[in-house]
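# Close look at the chain arrangement
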Amino acid sequence: MTRAPSGSRLRRWARHWGLGAILLVAAVVYGASLGSYRMLMWDEAEYATLARAVARGDGFVGYNGPERLRPPLLPLAGAVAIGLRGTADDRAVGWATVALALLALSVVYAAAAIAYDAATGVLAAGLLATAPWFWGATANFLSEIPLLAWFAAALFCWHFGLERESRWFYGAWLCAGLALLTRYTALLLLPLFLLLTLAAATTAGARRLDRHFLLAPLLGLLAVAPWLLRQALLFGDPMIGVWRAGGQLQSYMPGVSMPATFYLTQLPAMLSVPFAMLLVAGVLWALWRGDRLALDCVLVVLFILGWFGWYRYKEQRLITAMLPACAVLGAAFVTRGLLGGRRMPPLAALALVALLGLANAPGMRHRFATVHTLGAPSLVEAMAFVRAHSPDDARLIGASAPQIRWYADRAVQSFPPREQLSALLAAADWVVITNFERGQPDYVAELAAAIPPAAFADGSAHRFDDQHGYRTIVVRPAVFHR
């Protein structure tokens, strides 16, 4: 076998300059918005606390001990970012999300460029990059973006394994394993793999499935085996996280029920109106032309919408794993449907992406300027005070436990039932009371009202108010004993 001259390899890479341009601009824009929400929310703080513990060498330990629910990939990415930045703060873990967002854009580009051409890849990556939901999520440290990346990579590899070369199945199962290590929703890849395989079997000249198809699942199993072994050794059940995650959506907010059309009505806001229109047109084009990748993307979109539409509780982030498929459908319609077979230059595709980004930018600026996490910045300021006025081994009591742990960097325990509070106060250094945490027991408001003015005067209690009306009070336990 002869190697291609280095000049020809450079020319092949040069054809993908459009992706490089999108990634560079996206990194700058996404990086500039880090910290816009002013504080990490509950789930973000849990992931960040795990990341900091890993970076310190303390193991996969959260605010309440060894973690049993959350998979490790996002915290590990955060730990790498903390190590590279040299400090554990919101921006450090935020850069991990930016890097994973760039990975997601690269996956979408690669799938569209392999199936169609570089211009389609540029347009697909650009549609995803400028979609309001995706853009806004790059300022969060949450699992949706990395799940989206690995989920899409697994499905696109599966498609190419069915349509082109069976060795793609190894990539599909490896990415499926990485997706499962990101969020347990990745188990939906199993029925999707089956549906895509059945759909391909109906195509004339469908490929026979060979030994690579049978051996590839071992690679996915190898990827998740260390995590499953860890879960089994610590908690006696390798699937303990899966079982707990499986019941969360059914039990969350039992009194809330959204209509079946919820997700359809949310798509224009999530994607932008032009992107949503291209998606609808792409679905119709796929059904008319019978394009194999486009049809598989339609199947993915319909499956995810149907699956999560069945649950009574709904929110946008639950369906975001379908966004890469939406981007490919919209881009393929433009470059294959509208142009009628004429090739679009990548520069023209990049110009369309720039126009869409400029159109969405005012709305995103408004979002980053006005949307903020509940409790910010009063909780951050209060925890900075606690950190400066307590030893490293101090113990806190508070309802916003993950956020308290992240920002105070002290051990924390949630408020117990009222009859158990006295025993817990005896071992605590500070009590944290807020007016925004929905999980805070009702009796805590009575405690706050009973704090005497003298406690604030002598430094036994400190109140932190902000311009948003949020309040955090930190109190010495002795105040309540008195």
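The preceding data block contains the structure.
Predicted model, so just to flag it, every value in this text is computed and none were measured.

### Focus on the overall build of the chain
Within the chain, the regular secondary structure consists of 25 helices and 7 strands. For the chain, the spread of C-alpha atoms along the principal axes amounts to about 80 × 50 × 50 Å. The proportion of buried residues among the 482 residues of the chain is 53%. Of the roughly 21800 Å² that the chain leaves accessible, carbon and sulfur atoms contribute 64%. Put simply, the chain has 40 plus and 28 minus side-chain charges, and the middle of one group is 11 Å from the middle of the other.

### Some remarks on helix α12 (residues 217-235)
With 19 residues, α12 extends 26 Å from end C-alpha to end C-alpha; this agrees with the ideal 27 Å at 1.5 Å per step. Maximal helix bending in α12 amounts to about 45 degrees, located at V224; proline P226 follows within four positions. All of the buried residues along α12 are G220, V224, W227, R230 and Q231. Here the buried face of α12 lies against β2 (65-66), α9 (168-180) and α13 (240-246). Note on α12: the residue one or two positions beyond its end, G236, has a positive phi of about 80 degrees.

### Some details on the nonpolar core
If you look at the biggest cluster of nonpolar residues, it comprises 157 residues, and the most contacted ones within it are F134, M383 and L396. In terms of nonpolar packing, the next biggest core, distinct from the first, is built from 18 residues, A428, I433, I473 and V475 among them.

### A short note on the packing of aromatic side chains
Counted by the stated rule, this structure contains 20 aromatic pairs. Relative to W168, the ring of F160 has its centre 5.0 Å away and its plane inclined at 45 degrees; by these criteria the two rings are tilted. Judged by relative accessible area, W168 falls into the partly exposed class, the value being 29%. Through a chain of ring-to-ring contacts, three or more aromatic side chains come together here, namely W158, F169, W173, F193 and F213. The side chain of R70 reaches across the aromatic face of Y47, ending 4.8 Å from its centre. Here R463 stacks its cationic end above the ring of F456, 5.0 Å away from the centre of that ring.

What counts and how
- Residues numbered from 1 in each chain as written.
- Predicted model: local features only at pLDDT ≥ 70, side-chain atom pairs only at ≥ 80, totals over all residues.
- Heavy atoms only, no water.
- Helix = DSSP H or I, 4+ residues; strand = E, 2+ residues; numbered from the N terminus.
- Buried < 20%, exposed > 50% of the residue type's maximum accessible area, 1.4 Å probe, protein only.
- Areas by Shrake-Rupley, 256 points an atom, 1.4 Å probe, with all protein chains shown as cover.
- Lys, Arg positive; Asp, Glu negative; His and termini not counted.
- Charge placed at Lys NZ, Arg CZ, Asp CG, Glu CD.
- Expected span 1.5 Å × (residues − 1).
- Bend = angle between axes of the 7 residues up to and from the residue.
- Contact = heavy atoms within 4.5 Å.
- Core = buried A, V, L, I, M, F, W, Y, C linked by side-chain atoms within 4.5 Å.
- Phe/Tyr/Trp six-rings, centres within 6.5 Å; stacked < 30°, edge-to-face > 60°.
- Lys NZ or Arg CZ within 6 Å of the ring centre and 35° of its normal.

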